[in-house]
Amino acid sequence: MKIVIMDGSAANPGDLNWKPFESLGDVTAYDITPSDRIIEHASGAQAVITNKTPFTEEILEQLPDLKYIGVIATGYNVVDLEACRRRGIAVTNVPEYGTFATAQMSIALLLELADRVGLHNEDVKRGGWIRSEQFCYWLEPLTELLGKNIAVVGMGKIGKRVSIIAEALGMNVLPVPHRITDPSKEYTFAEAAAEADVITLHCPLTSETKDLINKDSLGKCRDGVIIINAARGPLVNEQDMADALKSGKVAGFGCDVVSVEPMREDNPLLTAPNTVITPHIAWAPKETRARLIDAAADNLRLFMEGKTGRDINQVN
């Protein structure tokens, strides 16, 4: 089987290898595939592996040999699923590989906003502690998380892991499942947001959750709320968030995702105060990426053995 990896440097910038795929066929790995070279790179392949390289109906029409698209990620919106279905092309993803890393990043963003580690580290290295008249000092208010209410929006595997860590920090978890099954134990988003000192987002992006955090919902939150988004950028209306940060309604916003990636220079969050922004790296620890590559290769191996559907994490 001819296997083409379209944008391999996303998952493997050189610190890992493609041996799991190389055991399955003839592999060609490209670090990046520009939009005008997708057909050239994928031509003749029976299987392609993609992270963000798109496969639209127009592109698929020009790849008659293609039988399999493996998305080396959880999200698969870069592939036209209906067009693949009509052509008999199986599309798979890797739904669970970064649970622990994403939960870790969510808590890291929260701790950075609570303890201002980066701010004080940089000031110490600029000589601030050397010049200090007192044995200690702080540049911004610090926050103890013990006893604070944290609304965990989305109680899948990541949300549940975040909840465990938050409870270990002494926080009170307000669980907000995507679908409420027990109103006596679970919160709606509106109920939790009204009581929360911290809101952390772990829900999927749907028509219902797009702009979940907006001017209206922020207005119903407690003053000084901290908000974390390591899920999907469009869950947050970025202009509304920037305005709330500038007014002080929101005390801090930490995110690993934005609405358009790579981030645009006119994104209002860039100039908003009290933000911590990382470039979509919650999934990027080496251990996590190695797990991702192994799982994506396993999907393809099972496909080659004749498996379909859930057995190969097929999404179409």
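The coordinates are above.
J.: How would you sum up the overall build of the protein? Please name residues and give values.
T.: Secondary structure assignment for the protein yields twelve helices and eleven strands. Projected onto its principal axes, the C-alpha positions of the protein cover 70 × 50 × 35 Å. Expressed as a percentage of its 316 residues, the buried residues of the protein come to 46%. Here the contacts in the protein between residues at least 6 apart in sequence split such that 61% fall between residues at least 24 apart. A total of about 16000 Å² of accessible surface is found on the protein, and carbon and sulfur atoms cover 51% of it. Distance between charge centres in the protein, computed from 32 positive and 43 negative side chains, equals 3 Å.

J.: Can you lay out unusual backbone geometry for me, pointing to particular residues and giving the numbers?
T.: Trans is the common state for peptide bonds, and a negative phi is the common state for residues other than glycine. Across the junction of Glu261 and Pro262, the peptide omega takes the value 0 degrees, indicating a cis bond. Along the chain, Pro262 turns up in the loop between strand E10 (250–255) and strand E11 (275–277). Despite not being glycine, Asn274 has its phi angle at roughly 55 degrees, a positive value. By secondary structure assignment, the location of Asn274 is in the loop between E10 and E11.

So, how was this worked out
Throughout, residues of each chain are indexed from 1 in the direction in which the sequence is written. It should be noted that, the model being predicted, local features are given only for residues of pLDDT at least 70 and side-chain atom pairs only at 80 or more, the latter also being counted only at that level, while totals for whole chains, interfaces and linings use all residues. Here the side-chain values reflect all heavy atoms present in the structure, with hydrogen atoms and water set aside. A run of H or I in DSSP counts as a helix once it spans at least four residues, and a run of E counts as a strand once it spans at least two, with each numbered from the N terminus. For the exposure calls, accessible area comes from a 1.4 Å probe over protein chains only, and a residue counts as buried if that area is under 20% of its type's maximum, exposed if over 50%, partly exposed in between. Contacts: residue pairs with any heavy atoms within 4.5 Å of one another. For every accessible area listed, the method is Shrake-Rupley and the probe measures 1.4 Å; residues are considered covered only by the protein chains on display. Lys and Arg are tallied as positive, Asp and Glu as negative. Neither His nor the chain termini are counted. By convention, the point assigned to a charge is CZ for Arg, NZ for Lys, CD for Glu and CG for Asp.

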